[in-house]
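Below, each chain spelled out in residue letters.
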Amino acid sequence: MSLSQGRPLLSIPGPSVMPDRVLNAMHRAAPNIYAGELPDAVPQLRADLKAVARTTQNVAIYMGNGHAAWEAANTNLFSRGDKALSLVTGHFGEGWARHARDLGIEVEAIDFGRRAAVDPARVEAALRADKAHKIRAVLLTQVDTASSVLNDVHAVRKAMDAAGHPALLAVDCIASMGCDRFEFDAWGVDVAVAASQKGLMVPPGLGFVWVSDKAMEACSRADLRTPYWDWTLRARAKEFWENFFGTAPTHHLFGLQEALKMLVHEEGMEAAWARHDTLARAVWAAFEAWGQGGSGIHLNMADPAARARSVTTAIIPSPHATRLRGWCEQEGGVTLGIGLGMAEPGERMSDGHLRVGHMGHLNPHMILGTLAVMEAGMIALDIPHGAGGVTAAARLIAGK
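Residues numbered from 1 in each chain as written. Predicted model: local features only at pLDDT ≥ 70, side-chain atom pairs only at ≥ 80, totals over all residues. Heavy atoms only, no water.

Enquirer: I keep staring at the overall build of the protein and nothing clicks. Help me out?
Expert: Helix and strand content of the protein: 13 helices and twelve strands. Against the 2.2 N^0.38 benchmark of 21 Å for 400 residues, the protein shows a C-alpha radius of gyration of 21 Å, consistent with a compact globule. Each principal axis of the C-alpha atoms in the protein carries an extent, and together these give about 60 × 55 × 40 Å. Across the 400 residues in the protein, those meeting the buried criterion constitute 57%. Partitioning the contacts of the protein with sequence separation of at least 6, the portion at a separation of at least 24 is 72%. (Helix = DSSP H or I, 4+ residues; strand = E, 2+ residues; numbered from the N terminus. Rg over C-alpha atoms; globule rule 2.2 N^0.38 Å. Buried < 20%, exposed > 50% of the residue type's maximum accessible area, 1.4 Å probe, protein only. Contact = heavy atoms within 4.5 Å.)

In C-alpha cells:
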C-alpha cells in the first residue's frame with residue numbers, strides 16, 4: 001500500500017511548481033498573432049523581464065530551454081577563435097564551458113571544485129596574466145544547480161575592473177533568476193541568461209538573454225551568430241514577429257504574463273528574494289539538525305554565504321540519499337532532485353547526494369511538508385539522523 005494518493009509535490013530544482021494561475025492562463029484557444037491582446041502585451045512583458053533582472057537595457061526572448069539560452073549567448077558573444085574564461089563551480093559551469101568549446105571557442109577554465117564559490121582574487125590574477133586581452137568574456141554561473149553553490153557576481157565584476165581588463169561579464173542565472181538577488185545594471189553585468197521553468201514559474205520552453213548596450217555594440221560583428229540566434233533583432237524588435245524570429249510561443253507568453261504579474265507587480269522582487277531566503281534557511285536548519293550525532297548528513301556548501309536560495313544539495317551517506325528519494329516519491333508524494341554532477345568520474349548520479357528545490361511558487365506549508373516527508377522517510381528506512389529537523393525549520397520560519 002502506498003500513502004501517496006493526494007496531490008504530488010515536485011521538490012526538484014526545476015521544472016518548479018507551476019501556479020494554477022499560470023496554467024489557467026495558458027489553457028485557452030490560440031490567439032491572433034498579428035494583432036490584438038498578445039502583440040499588445042509584449043511591451044509590458046519586456047518591461048517586467050527587465051524589472052526581474054534589474055536592468056533598463058535589453059532583453060531577448062527565445063523558444064528553448066536553458067541550453068538554448070547558452071547557445072544564444074555564446075553565438076552572439078563570440079567569433080571563431082575567440083577566447084573565454086570560464087569560472088567553474090559544478091556540473092553546469094562545466095556544461096556552459098563545454099558548449100562554448102563545441103562551437104569552436106577557446107576556453108580557459110578555472111575549476112573551484114564542487115564545494116566552493118569562485119575566488120575573485122584568482123579571477124583578477126588570470127585576467128592580469130592576459131596581457132594581450134585575448135579573453136573576450138568571463139562566463140560565470142550565479143547558482144550551479146548541481147552543487148547549489150552561489151557565486152558573488154558583483155565581486156567578480158570588481159575583480160575584472162581591478163585587473164583593468166575589457167572582457168565582458170556573462171552570467172548564467174538559470175537556477176537563480178527570481179530567487180537569489182540579481183542586479184544586472186548595478187553589478188555591471190553584460191549578459192545574463194535564464195529560462196522559464198525555475199524561478200519564473202512557467203513550463204519549460206522559453207529562454208531569456210539580457211544584454212547590456214555595451215555588449216550589444218561590442219558583439220555586433222560576432223561571426224558565430226546565425227539569423228535565428230541573433231539577439232539584435234529580438235531585443236530591438238520593431239514588428240511583433242521580430243521578437244521571436246517568426247511565430248510567437250503564444251501560450252507560454254500568456255503563462256509568462258501571469259507569472260510576471262505575480263512576481264513583479266503583486267509580490268515584488270525584494271519580497272520574493274526575502275521569501276526565498278527564509279525558505280532556504282529553513283531547509284538548511286533541518287539538515288543541520290539531521291546531521292547531529294555523527295549521522296554523516298550535511299550540506300554540500302558549508303559556508304552559508306555561498307549557498308543558493310533556490311536549491312540545496314545535501315549529502316546523506318550512500319546509498320541512503322537514493323533510498324530516501326525513492327521512499328519520498330513512492331510513499332510521500334514528494335519528488336526530490338537526484339545527486340546530479342556529484343558522482344565519481346564516469347558515473348551519472350551519486351547515491352549519496354540529493355537536492356531539494358525551493359524555487360518559485362512555494363510557501364512554508366510546502367517546504368515544511370517536504371521536510372516532514374523526508375524525516376518520515378529517514379525513520380521508515382532506519383537512516384541515521386539527528387532529531388528535530390522539522391522543528392528546527394518551523395522555528396526558523398516562525399522567527400524564533
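Enquirer: I'm lost on the packing of helix α12 (residues 364–380) against helix α13 (residues 389–398) in this one. Help?
Expert: Helices that pack against each other are described as a pair by the angle of their axes relative to one another and the distance between those axes. One way to put it is that α12 packs onto α13 with a least axis distance of 9 Å and a crossing angle of 165°. Relative to α13, α12 is oriented roughly antiparallel. Between α12 and α13 the crossing geometry is right-handed. Residues Pro364, Leu368, Leu371, Ala372 and Glu375 of α12 form the contact with α13, whose participating residues are Gly389, Val390, Ala393, Ala394 and Ile397. Along the lines of polarity and charge, the residues of the contact of α12 with α13 split into eight nonpolar, one polar and one charged. (Axes fitted to C-alpha atoms, helices over the stretch in contact; angles between N-to-C directions. Parallel < 35°, antiparallel > 145°, perpendicular 65-115°, else oblique. Left-handed = near helix turned anticlockwise from the far one by under 90°. Nonpolar A, V, L, I, M, F, W, Y, C, P; charged D, E, K, R; others polar.)

Enquirer: Explain helix α9 (residues 250–267) here, please?
Expert: Because an α-helix completes one turn every 3.6 residues, residues spaced three or four positions apart along the sequence face the same direction. For α9, with 18 residues, the first-to-last C-alpha span of 25 Å sits near the 26 Å given by 1.5 Å per residue. Approximately 30° is the largest bend angle found in α9, and it occurs at Lys261. Listed as buried for α9 are Thr250, His252, Leu253, Phe254, Gly255, Leu256, Glu258, Ala259, Leu260, Met262, Leu263 and Val264. Elements that come into contact with the buried residues of α9 comprise α1 (20–26), α2 (37–53), β8 (206–211) and α10 (269–290). Looking one or two residues past α9, Gly268 carries a phi angle of roughly 90°, positive in sign. (Expected span 1.5 Å × (residues − 1). Bend = angle between axes of the 7 residues up to and from the residue.)

Enquirer: Just to check I follow, could you spell out the nonpolar core for this structure?
Expert: In terms of nonpolar packing, the biggest core is built from 56 residues, with Leu87, Leu169, Phe182, Val189, Trp210 and Leu256 touching the most fellow members. Among the elements that make up this core, the one with the highest residue count is α9 (eight residues). Each of two domains, domain 1 (9–16 + 268–398) and domain 2 (31–266), supplies a minimum of three residues to this core. Residues within four places of Leu256 in sequence aside, it is in contact with Leu45, Leu49, Val202, Leu206 and Phe208. (Core = buried A, V, L, I, M, F, W, Y, C linked by side-chain atoms within 4.5 Å. Domains from an automatic or database assignment.)

Enquirer: What am I meant to see in the sheet that holds strand β7 (residues 191–195) here?
Expert: Paired through their backbone hydrogen bonds, the strands of a sheet run either parallel or antiparallel. With mixed pairing, the seven strands of this open sheet are ordered in space as β2-β8-β7-β6-β5-β3-β4. Each having just a single partner strand, β2 (58–63) and β4 (106–111) make up the two edges of the open sheet. Between one strand axis and the next, the sheet turns by 20° as a mean value, whatever way the strands run. Pairing between strand β3 (residues 83–88) and strand β5 (residues 135–141): five bridges, direction parallel. Paired with Ser86 across the bridge in β5 is Leu139. Lying on the sheet, α2 is in contact with β2 and β8; it crosses β2 at an angle near 110°. (Pairing = 2+ DSSP bridges.)

Enquirer: Would you take a moment to explain unusual backbone geometry for this structure?
Expert: Most of the time, phi is negative for any residue but glycine, and the peptide bond is trans. Here the bond from Gly14 into Pro15 is cis, since omega is 0°, no more than 30 degrees from zero. Mapped onto the elements, Pro15 comes out in the loop between β1 (9–11) and α1. In this structure, Pro319 follows Ser318 across a cis peptide bond, with omega equal to 0°. Residue placement: Pro319 occurs in the loop between β10 (311–315) and α11 (320–332).

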